[in-house]
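# Residue-level structure breakdown
Below, each chain spelled out in residue letters.
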Amino acid sequence: MSEASMCKKILLSGQAGFRVHYCESHRTIELELGAMSLRLDEDALLLMRDALDSSVTKLEALHATRGSFRAFMRQLNMPD
Ligand SMILES: [Zn+2]
């Protein structure tokens, strides 16, 4: 094995149950989620970030809409 094939990992994020390492040798990102691990290239990580960001934003908007809809319905049902 050449030196180029040896991993040189940096911990980018170390939350319990979710770790992110970067391998400088191979320019890969390694996600560890519980017992599952996933290796990505840097472009895929950026794609994943954008997809997760927009998913969280839409989910929050959905919850906010549902919340205000329920409040509106409660007001309609309120006796005078
Ligand atoms: Zn590596």
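### Focus: the pairing of strand β1 (residues 9-15)
- Of all the seven residues making up β1, zero are buried; the element is thus mostly uncovered.
- Here β1 runs beside strand β2 (residues 18-23); their pairing, made up of six bridges, is antiparallel. Looking at β2, one finds that S13 is bridged to V20.
- Once β1 ends, the chain turns through two residues before running back antiparallel as β2, passing G17 with a positive phi of about 80°.

### Details of the environment of M6
- Within the element layout of this structure, M6 appears in the segment before β1.
- By C-beta crowding, M6 is classed as exposed, having 10 other C-beta atoms within 10 Å.
- Taking the C-alpha atoms as reference points, M6 and E24, separated by 18 residues in sequence, lie 9.6 Å from one another.

Conventions adopted
- Residues numbered from 1 in each chain as written.
- Predicted model: local features only at pLDDT ≥ 70, side-chain atom pairs only at ≥ 80, totals over all residues.
- Buried ≥ 20, exposed ≤ 12 C-beta atoms within 10 Å, placed from the backbone.
- Helix = DSSP H or I, 4+ residues; strand = E, 2+ residues; numbered from the N terminus.
- Pairing = 2+ DSSP bridges.

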